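The primary structure of each chain is shown beneath.
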Amino acid sequence: MPEMPTGETPAARDPEAASPTSGPAGGPAARASATPADPGATGAPAPRPVLTKKERMQIQRQLMPEQLAEIRAGNFGEVNLGLTEQLAILEAERCLVCPKPYCIDGCPVRVNIPKFIGHLMEGDVRSAAISLLDDNALPCVTGRVCPQETQCEAVCLRGKTGKPVGIGYLERYVADWAMEHRDLLPAGRPAASGRTVAIVGSGPAGLTAAGELAKRGHAVTVFEAFHAAGGVLLYGIPEFRLPKDIVQAEVDRLVAAGVAIAPDSIIGKTYTLPELREQFDAVFVAVGAGLPIFMNIPGENLKGVYSANEYLTRVNLMGAWNPESDTPILKGKRVAVVGGGNVAMDAVRTARRLGADEAAIVYRRSRAELPARAEEVHHAEQEEIHFEFLTVPVRIVGDDQGWVAGLECVRTELGEPDASGRRRPIKIDGSEFVIPADIVIVALGTRNNPLLTSTSPDLRLNEWGYIQVDDNLQTSMPGVFSGGDIVRGAATVILAMGDGKRAAASIDAYLRGELPPSTVTSPRATEAGESTEASAGAPRPAVEPAAKVAPAAPTAV
Amino acid sequence: MHPIVEKTQLSPNVTRLVVTASRIAEIRRPGQFVIVRLGPGAERIPLTIADADPAAGTISLVIQAIGKSTEDLVALEVGGVIQDVAGPLGKPTELLESGHAVCVGGGVGTAVVYPIAQALHDRGVRVTSIIGGRSREWVIFEEELRRAGDVIVCTDDGSYGRHGFVTEALKDVCEAGGIDEVFAVGPVPMMRACSELTRPYGIRTTVSLNAIMVDGTGMCGGCRVSIDGRNQYACVDGPEFDGHQVDFKLLADRLTTYREFEQDALRRRHEELLRLAEARQLAEAH
Ligand SMILES: Cc1cc2nc3c(=O)[nH]c(=O)nc-3n(C[C@H](O)[C@H](O)[C@H](O)COP(=O)(O)OP(=O)(O)OC[C@H]3O[C@@H](n4cnc5c(N)ncnc54)[C@H](O)[C@@H]3O)c2cc1C
Ligand SMILES: Cc1cc2nc3c(=O)[nH]c(=O)nc-3n(C[C@H](O)[C@H](O)[C@H](O)COP(=O)(O)OP(=O)(O)OC[C@H]3O[C@@H](n4cnc5c(N)ncnc54)[C@H](O)[C@@H]3O)c2cc1C
Ligand code: SF4
Ligand code: FES
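Quantities reported herein were computed from a predicted structural model and do not represent experimental measurements.

A. Region of interest: the sheet that holds strand E9 (residues 100–106) of chain B. All names here are of chain B. With mixed pairing, the seven strands of this open sheet are ordered in space as E12-E11-E10-E9-E13-E14-E17. Each end of this open sheet is capped by a strand with a single partner; those strands are strand E12 (162–163) and strand E17 (240–242). Pairing of strand E13 (residues 181–185) with strand E14 (residues 204–208), which is carried by four bridges, proceeds in the parallel orientation. Bridged to Ala-184 within E14 is Val-207. Contacting E9, strand E10 (126–133), E13, E14 and E17, helix H3 (residues 109–122) runs over the sheet at an angle of about 165° to E9. Packed onto the sheet, helix H6 (residues 188–198) meets E9, E13 and E14 and runs at close to 165° relative to E13.

Set out below in structure tokens:
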């Protein structure tokens, strides 16, 4: 069981809040606790005093209650425990409900942030939940994994003079409430449209599109290569950041809304994309960017070298963190993880929880350039993860039995900014040194998996192998849409979800015959010197439910 | 959900399960495999599609019980279900158009080589199969392979067929000449020996690599093998490769990665079975 930090309250631990000059901060806090509104039970609004702007400005940002670092480094329970109702309302009261809210511009899917926070500060969690769910299909997920510090919170007006409103924390609070109180939220099945849509991939893009299309009455089947749905949310992001029962609950909710899930269906193998297109009125391809990248340095085939994909899949999807599980994982005493993104942080903190005495991040730039979410870096530091900055591996050292013994590296210094705007690391000659390690995990990003694309000759890809789409997310194949990482390259959950939502709207328009033809041309049409009209196509009439392709009894997983 | 419709014991530790998987039965080709997961908590393991009956919607899996997951699978009875069967995975075998092929099978590898022999025979290629086992009771698929051509059976103890290893028989066949391709599937040392043997004759030799897999779709990289000095993924680039280019030492070494866990898992399984048996005895005594 996760444990709450004992002794001090999170509010009191806030260095700002604890400062003696913050005086009246206790005022609203005391008021909040004096008003025992209990939206936790019914979500019904309870009358709350309206604060002045000045009063709001005096409330300090609430801290997220979390498991103590020493304790959580030894378990897989969630690190962040979530705000209590009182803390959430107090945090909501910090929002100034700006007439021109910058935060909405900062959110890739333009969640109406002041609207849901406004309901919350009135104590009306139910209305907050209805508003939030209208904009964001998986708020339980984004509230936990969005890089808020570079999105909504980066532009929050309150951030100009202090700390921004904890938008992510509030999103999580409202979303978790909604998950617990589904029965209090409006539901209802739309009339069936008679149209069928296949979705390939059950990551955030696929799940979001499935929900949106089901809402419009289309019969949706989600084809997933793995035995369970969720994509990176399930096999990549660890339990301690995103509990798997949350992902499962979201999938269950889709199934309850009539979405069929077909696991163990590898498109490109079990069925091809052209086959799916024949059997369904439209297809949305959201297969992510699943292929691991290795370093191509000597020693990468030694036992004890993992791609982050393999390491995290074994632990998360296959449950290898549990010693009783049938799927094994090597538990190193000294683990070196190469990379500086979310994936690297997840891998190194997982290694720590599996018992590594020393777990290190090896990153070629400096702390300032780490691409991971700020909170993950902070949590990693608290968990005594060691950071080797300005360091590049050149060789993995092995012992005479073929096991990893260390990671030979060189130091770097930062030169001129490169195309990505980040300063380019330059190796320093003669600075070789060896980090002792028995496990090395490579977390340097992922690429397009050609399994699907190589069996779809009419699908136009860009020079990196990602699927090309037009503004409506249409591919070069009529009636086939795409989004998420397979279009953008490895990006974020919220961008994938945004694509899922846009694709659903486009597909709906397409099925009604209201979408202009794709501007992306078929690679074959160009080869044959044909005009772009080859790829244009009106939607076909609704066909019989796909008896051949849809598995006999798609199951929830 | 994939019910077991038939179960046959082929040798002391090899069992054939006929499993419902209609889509896979319909489209699978020789050389392809499935990833199987028995149920919640179980491992994902790769198994070759030994045979398929598209009309009945079934595939045959021939399983050598050597560890926890394979023992759990062969403990299933008719009517039992395997939760997940994903595939068909891997590249299909590149089949000769004509000529003379030799199919060498060691142990459970004989079941892997069988669909290849069958397909070669169907397109008019002459097939000679060389199969082996410790002794007579360990020889599998002899009858099936006879339908595809000549069969030379070898046993280590001479209790049946030719006395000795399959490699010795293969050498004689190569000496006789006229061989266009050799397919060799079995334990790593056997595939390595066959590849070394055919190299001087310049006979194209295809082996099927049993690297450790998780997803079977190219997303984890755990199944990487070294082919002609370059890394390839056995699940998507293979599982069949040119035996003359495979780094067998690396493959054999990587297969030992989880040995300690495997032995531990097997020990725990056997202890559990023992406990169950004791409990049953106790219950019966009362
Ligand atoms: C370890 C890790 C941590 C991350 N942390 C964060 C974070 O904190 N915040 C954040 O915003 N982003 C994070 N990301 C990135 C984010 O998870 C991805 O950008 C996002 O999941 C992409 O969504 P998607 O729907 O496009 O694809 P995915 O989530 O990759 O899902 C694709 C699905 O398609 C399936 N599939 C693939 N090929 C086929 C096929 N041929 N047939 C059928 N199914 C197929 C896959 O099995 C998978 O289930 C992280 C990524 C990883 C790996
Ligand atoms: C493409 C392919 C086709 C195969 N076809 C067959 C077949 O038709 N019949 C058959 O009996 N076996 C086949 N195998 C081997 C089979 O997958 C393993 O024997 C099985 O996974 C062992 O699991 P276990 O828990 O029973 O044994 P364990 O005790 O876990 O391991 C025993 C041996 O199997 C290897 N192994 C363990 N886990 C895996 C895994 N996930 N993937 C691959 N190897 C593993 C180990 O390295 C070890 O050498 C095939 C393997 C591959 C890669
Ligand atoms: S979805 Fe992400 S960016 Fe948008 S409001 Fe929520 S946390 Fe902020
Ligand atoms: S099994 Fe994961 S890449 Fe081959």
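Still to come is the rest of the account.
B. Fine view of the domain arrangement of chain B. All names here are of chain B. If you check the domain split of chain B, you get domain 1 (2–89) and domain 2 (100–208). Between domain 1 and domain 2, the residue contacts involve 16 residues of the former and 14 residues of the latter. Counting each side, the surface lost to burial between domain 1 and domain 2 is near 1100 Å², with a carbon and sulfur contribution of 67%. Counting every contact that joins domain 1 to domain 2 gives one salt bridge. Put simply, Arg-16 and Glu-144 hold a salt bridge, and the shortest N to O gap is 3.6 Å.

C. Spatial organisation of the site of ligand 3. For ligand 3, the full set of nearby residues is Cys-107, Pro-108, Ile-113, Asn-136, Cys-146, Gln-148, Gln-151, Cys-152, Ile-167, Glu-171 and Ile-494 of chain A. Split into classes, the residues belonging to the shell around ligand 3 amount to seven nonpolar, three polar and one charged.

D. Representation of the site of ligand 2. All names here are of chain B. Lining the immediate environment of ligand 2, one finds 25 residues, of which Pro-46, Val-62, Gln-64, Thr-70 and Leu-255 sit closest. Note that an oxygen atom of ligand 2 is positioned 2.7 Å from one of the backbone N or O atoms of Gln-64. For ligand 2, an oxygen atom lies 3.3 Å from a polar atom in the backbone of Gly-67. Contact with the protein chains covers 88% of the free accessible surface of ligand 2, which is 860 Å². Breaking the shell around ligand 2 down by element, the ones donating at least two residues are strand E4 (44–48), strand E6 (58–64) and helix H2 (68–74).

E. Examining the packing of helix H18 (residues 342–353) of chain A against helix H19 (residues 374–382) of chain A more closely. Residues and elements named next belong to chain A. In the contact formed by H18 and H19, the axes pass within 10 Å of each other and the chain directions differ by 25°. Taken together, H18 and H19 sit at an angle that is classed as roughly parallel. Considering the relative orientation of H18 and H19, their crossing is left-handed. Facing Asn-342, Met-345 and Arg-349 of H18, the residues of H19 in contact are Glu-376, Val-377, His-379 and Ala-380. Grouping the constituent residues of the contact of H18 with H19 by class yields three nonpolar, two polar and two charged.

The rules we used
Residues numbered from 1 in each chain as written. Chains lettered and ligands numbered in written order. Predicted model: local features only at pLDDT ≥ 70, side-chain atom pairs only at ≥ 80, totals over all residues. Heavy atoms only, no water. Pairing = 2+ DSSP bridges. Helix = DSSP H or I, 4+ residues; strand = E, 2+ residues; numbered from the N terminus. Contact = heavy atoms within 4.5 Å. Axes fitted to C-alpha atoms, helices over the stretch in contact; angles between N-to-C directions. Domains from an automatic or database assignment. Buried area = accessible area lost by both parts, 1.4 Å probe. Salt bridge = Lys/Arg side-chain N within 4 Å of Asp/Glu carboxyl O. Near = heavy atom within 4 Å. Nonpolar A, V, L, I, M, F, W, Y, C, P; charged D, E, K, R; others polar. Polar contact = N/O pair within 3.5 Å; in protein donor to acceptor, adjacent residues only side chain to side chain. Areas by Shrake-Rupley, 256 points an atom, 1.4 Å probe, with all protein chains shown as cover. Parallel < 35°, antiparallel > 145°, perpendicular 65-115°, else oblique. Left-handed = near helix turned anticlockwise from the far one by under 90°.

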